[in-house]
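Below are the chains, spelled out letter by letter.
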Amino acid sequence: MSIEAKPEQAETADTRHPAAQRLDAALPGALHRTLEQRGQTVLVVDRERIRDVLASLRDDPALQFGMLADLTAVDYLGMDREPRFNVVYNLLSFANNNRVTVKVEVSEGDEVVPSVTPDWPTANWLEREVFDMMGIRFSGHPDLRRILMPHDWQTNPQRKDVPLGEEPVAFSDNVPPNEPA
Amino acid sequence: MGVIERDSVAVNPRLPIHPSGNPTALATKTGSPGFVLTNLNRLVNWSRSSALWPVTFGLACCAMEMMATSAARYDLGRFGAELFRPSPRQADLIIVAGRLSQKMAPAIRQIYDQMADPKWVIAMGDCASCGGIFNNYAIVQGCDKVIPVDVYVPGCPPRPEQLIDGIMKLQQKIMMEGIYVPAQG
C-alpha cells in the first residue's frame, strides 16, 4: 500500500482502491477484477453474489457506500466483447465523498441477475427500466414489468440489434436516413 | 363503447348530436336562415370562440411555453382562455403541448373522447404536429395519428406569441362555422 514497503512485500503491494481491497477481504472470490478508468474505479464481481457485494460495500464502516446512485445496463453487441451485457451499479458514499462502480457480466441467453431491490428500494424502478430496455430479468424483484414502453410492447428498444423505429419522412430526398450500425 | 367515425371526426354516440353528424350544429333549417338566425349564428360563434376553455394537457417542454402564454406577460386571459380545466368534460379545447409517447396515446384518446362537443384541438409544437426531432420507437409521429387536429402551431417550442396566433386562427375558424344544417330535400 505504500512505496516504503519492505522488499519481500513489494511485489504484493496492494495499490487498488480501498473498496476493492476491503471487498476482496470480506468476500473472497466475489471480485473478478478491478479496472481503473480515468480516475474511476470499476469492480467486476460475481453475478450470483451481487447482493452480498453491495451490502458489504454499504455496511463496511470504512467504505460506507450508502447510496445506489444508478443502476443501468450496457449492450456490447458488435464490439467483439463477450459477454454481451454488463449491468452497472453506481454507488456513492456520503461520508467519504467517494464513488465506485460495480459491474456484473451477463451473457446472451442467460440474462438473469439477482435483484437488489430488497436492500436498495431505489433499484425497484431502475431494474424495471433495465428489464424494459434491455430485457434482462431480475430474480426476486417484487414487481418486474415494463416502465417506459406500453405494457404490451414486444421489443427491448435499447438493444443494439433492435432498429430505431423511424418513420420515413416524405420529400426528404436530399437528406439520407440514419442507417443502423 | 362504440365510437362513430365520420370524416375523421369521432363522435361519442351517447351525446345528443344533430342527425347530420355535424357536432357543432344546433338545428336544421329549411331555406336560408335570414337576418335573425344569421346573427344568432354569429353570436353563437362569437361566444364559443371568445371563451375557449382549454384542458390542462401539457406533456413536455411546450407546456412551459403554454404556461408562459397564460402568465402575466402574454396573458391568455385576454382571449377568455385563462381557465384551464383539469377535467376534460368541462373543457372545449385541448392544446396538445409536447411529445406524445406511445404509452400516452391511449390516454389522450380517452381524454379527447371525454370532452363534450363542440371541441377543438390545437397541436402545439413540432412533436405534437409531426413527432418533431424524435423520429423513433417511443414517440407517436404527430398527435393527429390519434385525435383530429384543427390548428397546428409549429415551433420547438413555439413562442407565446406563436401560440396566441394559433389560438386566434382557431377563433377565426370557429367564427366561420355554421350552426345550421340545411334540411334534406
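None of these values were measured; they are calculated from a predicted model.

Colleague: I keep staring at the overall build of chain B and nothing clicks. Help me out?
Modeller: Scanning chain B for helices and strands turns up five helices and eight strands. Traced from its N-terminal end to its C-terminal end, chain B shows the element sequence β-β-β-α-β-α-β-α-β-α-β-α-β. At a minimum sequence separation of 6, the contacts of chain B that also span at least 24 residues come to 76%. On chain B, roughly 9500 Å² of surface is accessible, and the fraction owed to carbon and sulfur atoms is 59%.

Colleague: What exactly am I supposed to notice about the sheet that holds strand β1 (residues 31–37) of chain A here?
Modeller: Residues and elements named next belong to chain A. As summarised here, the arrangement of the five strands in space is β1-β2-β5-β4-β3, forming an open sheet in which the pairing is mixed. If you trace the sheet from one side to the other, it starts and ends with β1 and β3 (67–75), each paired once. Within the sheet, the average angular offset between the axes of one strand and its neighbour, ignoring direction, is 20°.

Colleague: What is the right way to read the interface of chain A and chain B from this model?
Modeller: With 14 residues of chain A at the contact, the number on the chain B side is eight residues. Between the two partners, chain A and chain B, sit one salt bridge. The residue Lys 145 of chain B makes a salt bridge to Glu 167 of chain A at a minimum N-O spacing of 3.3 Å. For the pair chain A and chain B, the number of links is five residue pairs in polar contact (both at pLDDT 80 or more). Of the residues in the side of chain A that touches chain B, the class split is nine nonpolar, two polar and three charged.

Colleague: Help me understand helix α3 (residues 50–59) of chain A, please; the structure alone is not making it clear to me.
Modeller: One turn of an α-helix holds 3.6 residues; hence residues three or four places apart share an orientation. Within the span of α3 of chain A, buried status applies to Ile 50, Val 53, Leu 54, Ala 55, Ser 56 and Leu 57 of chain A. Elements in contact with the buried residues of α3 of chain A: α2 (18–26), β2 (40–45), β4 (85–93), β5 (98–106) and β6 (112–114) of chain A.

Colleague: Looking at this model, I keep getting lost on the packing of helix α1 (residues 34–50) of chain B against helix α5 (residues 160–175) of chain B. Mind explaining?
Modeller: Helix packing geometry: the angle between the two helix axes and the distance between the axes. All names here are of chain B. One way to put it is that α1 packs onto α5 with a least axis distance of 8 Å and a crossing angle of 160°. By the angle between their directions, the pair α1 and α5 is classed as roughly antiparallel. In the crossing of α1 with α5, the sense of the turn from one axis to the other is right-handed. Contacts between α1 and α5 pair Arg 42, Asn 45, Trp 46, Arg 48, Ser 49 and Ser 50 from the former with Gln 171, Ile 174 and Met 175 from the latter. Taken together, the residues of the contact of α1 with α5 break down into three nonpolar, four polar and two charged.

Colleague: Teacher, can you tell me more about the environment of Gly 125 of chain B here?
Modeller: Residue and element names in this part refer to chain B. Mapped onto the elements of the fold, Gly 125 is located in helix α4 (residues 125–130). The class of Gly 125 is buried, set by a relative accessible area of 0%. Taking C-alpha positions, Gly 125 is 6.6 Å from Gly 98, a pair spaced 27 residues apart along the chain. Non-local contacts of Gly 125, meaning those with residues more than four positions away in its chain, are made with Cys 62, Val 153, Gly 155 and Pro 158.

Colleague: When you look at a nonpolar patch on the surface in this model, what are you seeing that I'm missing?
Modeller: Residues and elements named next belong to chain B. Side chains of Leu 40, Leu 43, Trp 46 and Met 175 sit close together on the surface and give an oily, nonpolar patch of about 400 Å² of accessible area. Mapping Leu 43 onto the fold places it in helix α1. According to the relative accessible area criterion, Leu 43 is partly exposed, its value standing at 47%.

The rules behind these values
Residues numbered from 1 in each chain as written. Chains lettered and ligands numbered in written order. Predicted model: local features only at pLDDT ≥ 70, side-chain atom pairs only at ≥ 80, totals over all residues. Heavy atoms only, no water. Helix = DSSP H or I, 4+ residues; strand = E, 2+ residues; numbered from the N terminus. Contact = heavy atoms within 4.5 Å. Areas by Shrake-Rupley, 256 points an atom, 1.4 Å probe, with all protein chains shown as cover. Pairing = 2+ DSSP bridges. Axes fitted to C-alpha atoms, helices over the stretch in contact; angles between N-to-C directions. Salt bridge = Lys/Arg side-chain N within 4 Å of Asp/Glu carboxyl O. Polar contact = N/O pair within 3.5 Å; in protein donor to acceptor, adjacent residues only side chain to side chain. Nonpolar A, V, L, I, M, F, W, Y, C, P; charged D, E, K, R; others polar. Buried < 20%, exposed > 50% of the residue type's maximum accessible area, 1.4 Å probe, protein only. Parallel < 35°, antiparallel > 145°, perpendicular 65-115°, else oblique. Left-handed = near helix turned anticlockwise from the far one by under 90°. Patch = residues over 30% accessible without salt bridge, like charges linked within 9 Å, V, L, I, M, F, W, Y side chains within 5 Å.

Read these as geometric descriptors, not functional statements.
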